Structures are given as C-alpha cells and as structure tokens.
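Observations on the model geometry
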2 protein chains.
Amino acid sequence: MSAALHKYRLQYDPKLPGVLGKIVDKAVITEIENGSLYHDIDPRIAEMFKHTYGKPVVGIVKGQPQQKELVVGVVLSGGQAPGGHNVIIGLHEALKKCGDGNRLIGFLGGPSGLLENKYMVVNDKIVKDYKNTGGFDMIGSGRTKLKTAQEFAIVANTCKHHGINALVVIGGDDSNTNAAVLAEYFASNGIAIQVVGVPKTIDGDLKHGGIEISFGFDTACKTYAELIGNIARDANSAKKYWHFIRLMGRSASHIALECALLTQPNVCLIGEEIKEKKISLKQVASTIVDSIVARANQGNNFGIVLVPEGLIEFIPEIGVLISEINELLSHNALEISKLDKEELLKWVGEHLLDTTKPVFASLPQAIALQMLAERDPHGNVQVSAIKTEELLMTVVQQQLDNLATKGEYKGKFNAIGHFFGYEGRAAYPTNFDADYCFALGHTAYVLIANGLTGYIASIKNSHLSVDQWQPQGVPLTSLMAVERRHGQDNPVIKKALVDLNGNPFKKLVANREQWAINTDYINPGPIQYFGPVEVSDIAPMTLVLEQS
Amino acid sequence: MSAALHKYRLQYDPKLPGVLGKIVDKAVITEIENGSLYHDIDPRIAEMFKHTYGKPVVGIVKGQPQQKELVVGVVLSGGQAPGGHNVIIGLHEALKKCGDGNRLIGFLGGPSGLLENKYMVVNDKIVKDYKNTGGFDMIGSGRTKLKTAQEFAIVANTCKHHGINALVVIGGDDSNTNAAVLAEYFASNGIAIQVVGVPKTIDGDLKHGGIEISFGFDTACKTYAELIGNIARDANSAKKYWHFIRLMGRSASHIALECALLTQPNVCLIGEEIKEKKISLKQVASTIVDSIVARANQGNNFGIVLVPEGLIEFIPEIGVLISEINELLSHNALEISKLDKEELLKWVGEHLLDTTKPVFASLPQAIALQMLAERDPHGNVQVSAIKTEELLMTVVQQQLDNLATKGEYKGKFNAIGHFFGYEGRAAYPTNFDADYCFALGHTAYVLIANGLTGYIASIKNSHLSVDQWQPQGVPLTSLMAVERRHGQDNPVIKKALVDLNGNPFKKLVANREQWAINTDYINPGPIQYFGPVEVSDIAPMTLVLEQS
C-alpha cells in the first residue's frame, strides 16, 4: 500500500538543464576556470595530491564524446538527505541513455558495502519505486569511513571484480574528503578507477567556490519551516507560550538561519556569531530575555526562539568545558567506567580546572547529565544529545526571576521546547531538490564519461530556473585545507560555516531587532509539489541571497 | 510579508454543497428525524432543558424563508483547530448574501470577550487576510467557561447592547455543553437570543449521532502523519533507532489511530483498549518489546511506536496513582506548599496507600517529577505534561535488559522520543477542513435565520464529495448525559472515545500483528492544496471507515 502522493511523486519527471537532457550522450567537458581556484589552498595539498591536484573547473557543452562501455559503482555515505535516490536514478538514466552496455552497481549500506562487496545492480525495475522519494533505503547508507591504504586496496579489488570504471560517492564533507584521497590513491597506484563525489547534506555546510549548495538542505529546511510557521501561528493564537525550537545542523547554523528567513521568529541564535563575538551563555540568554521583556510590555507573553544544534559548542565557556570534559573522560576511561551517573557527575565536577568548575556547577543538573550520558564513538561528549533549548529555557527563567524581583518584568513566561531533525531528513524531496539531484546524477555521469577523477559534481546558477543551470565539475582538491589531528597533517574539506559577511546573515541582522519585538511571523506552509511554480518550485532563500 | 502559499490560500474558494451555495438566501429547514434521537438520553436532561429538549434533527432545503435583519455574535472557545477562521468567514459570507443589513460581531479572546464586551465587527476587509488560514488569531480564543446565571446575564446584556439575535459558539464538548445551557437560560428567561454551536476540536472526540466529525481533526492528523511518515522513512534508512512518538489528543486516542491508519507504524497504543482490557504498564511495554524482539531477529533494530497523549491515565495502576496523587495534593495543599521538588517527591512516596506505593516507586524519577511538577488550574496532575513516551522507553529498556540477560534478545535498542501537538493545531486547513468549516459557517447561518436555538451545525455524508454533503442542525440536548461532579448533577456532552467495535479500530486490529513485525510504513507526505483531487481532497480515514 502506498499514499496517493507517493504514486504521483513516482510519476514526476525531474527537470533537466539543456545539455543534460535528451542530448546527454553528446555532452563533453570544457575547461572554464583554472589556477586561480587554488590561490588560497595550503601548498601541502599539492604535495598530498600529486596526481589529482591543480585541475581546472570544467563546464559541460555539446560535442562529440568518445564512447566506451561504462560500469559505475555508487555509494551513499552518512545521514539521510532528501534527493539521494534521485542522484542514483539520474546517474542510472544518463548511463542508460548513453550506451546499452552501461551498468550501475549500488553498494549496500554505505562504504562498508564496498569493503564487503555487498551490492545490487541498479535497473529500471528497482528505480521505479524510488524516483522522487525521500530516504536512502534503495541501497542504504552507512558511516564507515574509507581511510587507510588497506581499505583502498580492498575497494580496488571489489571494483575490479565488477569491472567498475568509476565510483560515485554521495556524501558530505568527510565522505568527499575520503573520495579525494581514494581518487589520489587510485591515480598514484595506476589503478584505472575514477572517483567522483556528489555534495550531500541537509546541514548546508558543504559549500565552497564552485559548489553553491548541498542537496537535501532545501527540503529539510522547508519541512522545519512548515513546523515553525505552524507553531508560530499557534503561539500567536494561544498567546501564552514561548517555544524554544532546536534545529538539526551539526556545527553550522545554516538550517536555523534559512528557517529564520522563511518564518521570521522573534529570536534566531547563530552559533558562528556567538563564537566570533565570544558571547557568553549569560549574554545569549539576555538577548532572548530582552525580547521577552519588550514583548511582555506590549502584553505579548509568547514568542519563538530558534536554536541551532551546534550552538552550545560555540558559547566560549561551554566550548572550553566540553573540550576539558572530553580530555578528562578519555584520559581516565578506566577509572570512570566503574562510576554510576551520580558519581560520574561528582567526579567530573571535582576534576575540572578551577576556572571551569563554576561553569559546570552552574549548569542545570539535567544538562550536566546529558553531557556525560551520551558519548560519540570516540568517547567525546555527543553535542547533539544536549538539549540546548532546555538549558536556555532554564537560564532565561533565572534572569526573568531576577528582573521580576527588581520589578523590571511583570510578564508570564511559559516555555515549551522542541527539537526537529529526523522529521526532515527523509521527506519527499522538493521539486528543487528532486531536479537538482537528478541533474547532479547526470553531471556525475558526464564527468565519468569524459575520464575525470577527483572531481565533485556541481551546478552553477542553481538559484535560477532549471533551464539556466550550468552543470560543472569541480576538482575536490580545490576545496581542501590541512588540519592537524593526532599529531598528523590531514587533508580536509572544511565545513562551510555561516559567513557573517554574507547576505543571508546580513538579512537576519537587518531585521532581527524588529522581529524581536513584533509579531512578524510568516507561515510558509507545507511543501507543495503541484500548483503555481512560485509555490512549488522555490529555491532556498540562503542560496538566492548568496548568489544574487 | 507573507509566504507564496499564503497568498494562494487566501484566493481559494471553499466548495459548498448545493443549497448552501448561491441560493443560501432560499434555505429553509425541514424536520428529518425525531424522538428516536432521545432514546438513550438520561431523563434528567429533559428536566434540565425544559425549553430546548426534544427537538428534531433538521435538514436544509430550498424554500421561501422569512427574511429579517440579523445581528450575529460569534466566539471561538478553547484550543486552536485548523479551519476556525473559515467557520467565521462562512457565517459572514452567508449573512452578506442574505441581507444588506446583516451584521457579524466577533467577540475577542474567547468567551471572556462576551463578559467584557471586547469585540470587532467582522467585515470584508478583515476576513480577506484570514480565509483558509490556520490559527484563531482573527478574533482570538480563550478558555473562560460561561457557566453561572450571573455570567449568562452579563452575556445577555452584551448581546442586547449590540442588538444581537443569535450567538454562534465554536468549540469542543465543554463549550458546546455551555452553549446548550446558555440557550436554555435565554429560552427560559424569555430572552430572544438564539445559541448555535459548531463542533471544533483536533482531538476528534466531539462526535455523536448527527455529528460525524469535528473540524481540525483532518488537518492536525495529516500534519502529524507527514512527520511520522518522514521519521519512519528515516528510520528505515538509518536502521538504528526506535522512535517513540507521543501525539496530542487528550483522553481519546482518535489522533493516534488515524495517524496509524495513515502511516502503518510497528505499534500504535490505544488508550481505550488498554482501559477496557485493564492492561498494566508492564504488559503495555511487553507489546512493544515483542515487536522489538521479533524485528531484531530479522536484523531490524528500528521501528515506530505511536503513543496517544491520554494513554497514561488509561493504564489501570497509573490511573489509580494519578487519582490518589490528586486527592493527596488537594487535601494537603498547605503542607506541601513549603516543600521543594525533592521533598515533595519523598512526601508523596510516603503518603500514598500501601497498594499504590510500589507503583510510584517503580516510576523513573523524571516521570515522577513530571507528575508532581505541573498541575492544572484545579491543582490536578497535568497529564499532558507527562512524557509517557519516555516512561515507555525506560520500561521497555528494562524488559529488554532482562531478556538479554537470559539470552533471549541480542538486538540493539536506541530510542528517541518525540511529541507532536502544537505543530498541527494552527496549520493551513486541508481542503477538506477548509470546505467543511465554510459549510458549517453557512449551516449555522441557516439555523439562525430559521429561528432555531440550542442546535449544533453539522454535515451529513461528510465522507463523500462536497456536492453530496447534507447540512443539518442537531439539537445539543440530544448529545447530552448527566455526570455527577462535586455532589451535583451536571449536563455534559461526553467525549466520544475510540469505539472498540468501530471500523477504524477493527482495521488497526486486523493489521497490527503484521505491522509489528514487518516494515510496512506508508509516507503520506505533506498536505497538498493543489494537484489531483485524490491527493488534495482526501477525507480523514477514520471518517470514511466509520461512515461506510
């Protein structure tokens, strides 16, 4: 059984820009940018990527490509982002259009599928149930990271076994970093397997020069914005609650910012700004309190606060506290393994530096427990498990109590916390994401067919209508920097954080004083797949503001 | 600034059944059902409603009504439900079509607006910004209850001041009960003001004989089902989380049931069944554990559990515990007012009956604190503040640990809790709710224009296409029962709970064993306002199953 909408989504034909459409079998690459790309790149990257460094950005035009039979492998890596199926289906369709003998092999459950040779042949029968759907369930995904030469050799063997010419890695910053290293490994070892990446992540933090946006960001943000808009409309009717809404997005605050631009909440905190200006927890809470007091003076004891998931690490004293806890926990793993929750809380409280102790002591106990309860696979504090919205609600309440004692606040404060994340990662992709992913799949094909490796598929002018989109290939090495980890230099694609000089943030700044006081909420409503194009085919506002 | 969808929703023309359309000025009532309505009614209701009892259900047909100039007052009562604005706008449009001198006065902020004479004249200029929007912000709502003769006299004065002929009360079971009492008060005191109710509540529990469904239920359920469907798709991709999703809906489990029918989760708990069969907390958790173990045996360590908000009171031993805590707290208000949280927890633990003590002691501390922390205006435990999903997650974990010790469970259990409520109460109404509410507003007008009082507007055959809808008036007294509260007999409209012999529940029962084991999730996607009618104009499944 399936939903009515599901059946119609399976029938939707994603739009394609000119050269990727019916004449994709005539697509060839053309050099459109050179050297300048590498201006700011760490010279050590050139050293690390001797065979794949220094390539140009390429465009795609009509020409007479050499044809050869292709076997392509594809893998999904990391968390779900709406549109992943369409990348695979776009790639499949392009392969099909360009040669009867072409084949696509999907590796199952993420990169581990390459190590274990778990796979399925992607064909028409399979893809017909997944076109324009959310989720990564067609071939599955996983978080295994391919990093060592030994793993690369196994991957090479798996690929040779299938006669694979090229591997497409659909993933975020980490996975594309690994894709670049894998491409270099193959090239330097004379293994004739190309590697091409595709930029995926709802967090919107894989975005550099040639890559305007990662897929899934649009759908996830529009889903969260629907909920925020509904809650805001409810708040303005009930007139008795402040809603503190935490939004997924790891370190970067792109999701919170996009949602704020779509819904106009009273407060939207931006982690990057808090870090840059070294704003303390107390000051962060004050910003919210200022809005609460100003609105209470107008008789409005309700409001909306957006809190990015990564915020807590960006608050200077909490960031220091978390690093110190990480150190403590990793250096005393044995000792603390015997402690129960309460004992661990006490132990940590006693072993912190004198400067950090009061910060830890000032946290509500529930938050302190969250910091210690959940640890990531490296034993570090799992930031996403900390209910920052509840921390803020508590500190705000304390400040309001103080003001009330002094007679400076007479309102009522009832707060409700929310966290949205899983609600938007596997939604049916918006028409934007459905089209974008289908085009990225086609682009990946053209890069492969033209013999490129160490590239990532991208679309220029993605903020314009699809017929104006320009498919591109961007060399992965042009996105890289060097980071020292565990005493070693490692190449990384850095997460693109919110640019405090960028148009999206500037738009927030230009409006937020008004939004803090007024009830200027916008309710974007649920994602529409039908209807007038200005409703059904809207590019993300962050993208539009950045590109215009 | 407003969203693109918002502009288009303002332009949507709700569909109307024949006689309510262009010829609404020709609409007259016709008696379509009699006496039998009152078969099961407590004879004391006849006593209490001497002037409004015993009336027939009326239909609406084309005729030659007497015309007189009407001034109508309207009030929204209680929590938001999508479509409230359309009831008011439907009423306004009908008044406008039927007489130039007709006027509509909206009382502000709920029934208190009637007591304080706070109002706005509803006119074209105002309504144009609210058509087909969610929220109750056009005139506001409130929870003040009109109950005493003194309050009724004030309401009468307010109405006389405006020359009001009739009052329309848009509300749930409580508000419509009060509307019935008010109608009787006016009739018995020779005050020529009619009172007509409109059935509102997302909870879906105002549903009896002549009333097939309350408005807002459809939109709220479809919004929650969108989120559940997205989370389920995500779970089936990530394959590592069990999501425990609590859904708003007060006592009744209609919302959880409708969402289950739309999304096919692994487990959907129904409070009414648990009460009826006296299923203990341990047994409730076992039901979930059975599904977890069966799925783990297939390698599927993920799933979806739906938990109705009212569940906890229906679990026999917890229901008893909550009643006892309510008694304790109300009889010892002074003594406990001095205690802090920890002390109160200890105090309650010591003062419970010996039979109840172990139940309280077995609760996770966080849940015990939630029971004591939030109290409703009557000092009772606020059931909606208890995170039942977390209670279940804890008890399930304990049972799984026991099974694992015995070697009977080898899976991994990671649970994530969610609560959805405010996300759906103020959404843009679905086309169904938009049409239904517009028709209810027109129906209320016709009942008024034909001189009725003590009636509630309703639509028969609401599961069919709009042209087959039959507008009706149902006497409020036909919905009533007598309940003894504080040593007094009170008339009430009882909440309609899930019928364990009804088709919707039977459909769940027929499928749930399969759903518990398999991954049969359906993702209905976000509400669509455009596109094919089988996507954009779907009646609630509960309604369709009940009526067919």
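1. Regarding unusual backbone geometry
Peptide bonds are, in most cases, trans, and in most cases residues other than glycine have a negative phi. All names here are of chain B. Not every positive phi belongs to a glycine, and asparagine 132 is a case in point at roughly 65°. Relative to the elements of secondary structure, asparagine 132 occurs in the loop between helix H5 (124-127) and helix H6 (149-162). Residue classification places asparagine 132 among the buried residues on the basis of a relative accessible area of 0%.

2. Comments concerning the packing of helix H8 (residues 217-238) of chain A against helix H8 (residues 217-238) of chain B
Where H8(A) meets H8(B), the closest approach of the two axes is 12 Å, and the angle between their N-to-C directions is 150°. Considering their axes alone, H8(A) and H8(B) lie roughly antiparallel with respect to each other. Both H8(A) and H8(B) take part in a crossing whose hand is left-handed. Contact residues: Thr223(A), Glu226(A), Leu227(A) and Asn230(A) in H8(A); Thr223(B), Glu226(B), Leu227(B) and Asn230(B) in H8(B). Along the lines of polarity and charge, the residues of the contact of H8(A) with H8(B) split into two nonpolar, four polar and two charged.

3. Re the relation of the copies chain B and chain A
Expressed as a screw operation, the relation of chain B to chain A combines 0.0 Å of axial shift with a rotation of 180°, fitting to an RMSD of 0.0 Å. Seen this way, the second copy is the image of the first under a two-fold rotation axis.

4. Description of the nonpolar core
Residues Tyr224(A), Leu247(A), Tyr224(B) and Leu247(B) are the most contacted members of the largest nonpolar core, which totals 176 residues. Not counting residues up to four positions away in its chain, the partners in contact with Leu247(B) are Tyr224(B), Ile228(B), Ile255(B), Ala256(B), Cys259(B), Leu306(B), Val307(B), Pro308(B), Glu309(B), Phe419(B) and Phe420(B).

5. Describing the sheet that holds strand S11 (residues 415-420) of chain A
Residues and elements named next belong to chain A. Sheet architecture is open: four strands sit in the order S9-S10-S8-S11, paired in parallel fashion. Sheet topology places strand S9 (267-268) and S11 at the edges, where each strand pairs with a single neighbour. Taken together, the six bridges between strand S8 (residues 242-247) and strand S10 (residues 303-308) define a ladder with parallel strand orientation. Its bridge partner being in S10, phenylalanine 244 is matched across the sheet by valine 305.

6. Side note on helix H20 (residues 503-517) of chain A
Residues and elements named next belong to chain A. Between its first and last C-alpha atoms H20 spans 23 Å; for 15 residues at 1.5 Å apiece the expected length is 21 Å, and the two agree. Most pronounced at asparagine 511, the bend in H20 amounts to some 50°. Taken together, the buried positions of H20 are occupied by Pro504, Phe505, Leu508, Trp515 and Ala516. On its buried face, H20 is in contact with helix H9 (254-263), S9, helix H10 (271-276), helix H11 (281-297) and helix H22 (541-547).

7. A few points about the side chain of Thr542(A)
Residues and elements named next belong to chain A. When you line up the elements, threonine 542 lands in helix H22. Judged by its relative accessible area of 4%, threonine 542 falls in the buried class. Other than its neighbours up to four places away in sequence, threonine 542 contacts Lys207, Phe217, Glu258 and Pro504.

8. Digging into the sheet that holds strand S9 (residues 267-268) of chain B
All names here are of chain B. What the four strands build is an open sheet, ordered S9-S10-S8-S11; its pairing is parallel. What marks the edges here is a single partner per strand, and that holds for S9 and strand S11 (415-420). Sheet topology note: the strand S8 (residues 242-247)/S11 ladder contains six bridges and is parallel. By the bridge assignment, tryptophan 242 is partnered in S11 with alanine 415.

9. Overview of helix H18 (residues 388-405) of chain B
Residues and elements named next belong to chain B. Between its first and last C-alpha atoms H18 spans 26 Å; for 18 residues at 1.5 Å apiece the expected length is 26 Å, and the two agree. For H18, every residue scored as buried is listed here: Thr388, Glu389, Leu391, Leu392, Met393, Val395, Val396, Gln399, Leu400 and Leu403. Buried residues along H18 sit against S8, helix H11 (281-297), strand S10 (303-308), helix H12 (311-314), helix H17 (365-373) and S11. Remark: glycine 407 follows H18 within two positions and exhibits a positive phi of approximately 75°.

10. Quick word on the interface of chain B and chain A
Taken together, the 54 residues of chain B in the interface contact 54 residues of chain A. Taking both partners together, chain B and chain A bury about 4,400 Å²; carbon and sulfur atoms supply 56% of that area. Note that Arg233(A) is salt-bridged to Asp137(B), the shortest N-O span being 3.1 Å. Among the secondary structure elements, those contributing two or more residues to the side of chain B that touches chain A are helix H1 (4-11), H8, S11 and helix H21 (533-536) of chain B. Examining the composition of the side of chain B that touches chain A, we find that 10 residues originate from one element, H8(B), more than from any other. Counted by class, the side of chain B that touches chain A contains 25 nonpolar, 18 polar and 11 charged residues.

11. Overview of the environment of Pro429(B)
All names here are of chain B. Its place among the elements puts proline 429 in the loop between S11 and helix H19 (431-449). Residues proline 429 and lysine 147 lie 282 residues apart in sequence; the distance between their C-alpha atoms is 31 Å. Beyond its immediate chain neighbours, meaning those up to four positions away, proline 429 contacts Arg9, Pro82, Gly83, Asn132, Thr133, Gly134, Thr219, Ala434 and Tyr529.

Rules used in this analysis
Residues numbered from 1 in each chain as written. Chains lettered and ligands numbered in written order. Predicted model: local features only at pLDDT ≥ 70, side-chain atom pairs only at ≥ 80, totals over all residues. Heavy atoms only, no water. Helix = DSSP H or I, 4+ residues; strand = E, 2+ residues; numbered from the N terminus. Buried < 20%, exposed > 50% of the residue type's maximum accessible area, 1.4 Å probe, protein only. Axes fitted to C-alpha atoms, helices over the stretch in contact; angles between N-to-C directions. Parallel < 35°, antiparallel > 145°, perpendicular 65-115°, else oblique. Left-handed = near helix turned anticlockwise from the far one by under 90°. Contact = heavy atoms within 4.5 Å. Nonpolar A, V, L, I, M, F, W, Y, C, P; charged D, E, K, R; others polar. Least-squares fit on C-alpha atoms with pLDDT ≥ 70 in both. Core = buried A, V, L, I, M, F, W, Y, C linked by side-chain atoms within 4.5 Å. Pairing = 2+ DSSP bridges. Expected span 1.5 Å × (residues − 1). Bend = angle between axes of the 7 residues up to and from the residue. Buried area = accessible area lost by both parts, 1.4 Å probe. Salt bridge = Lys/Arg side-chain N within 4 Å of Asp/Glu carboxyl O.

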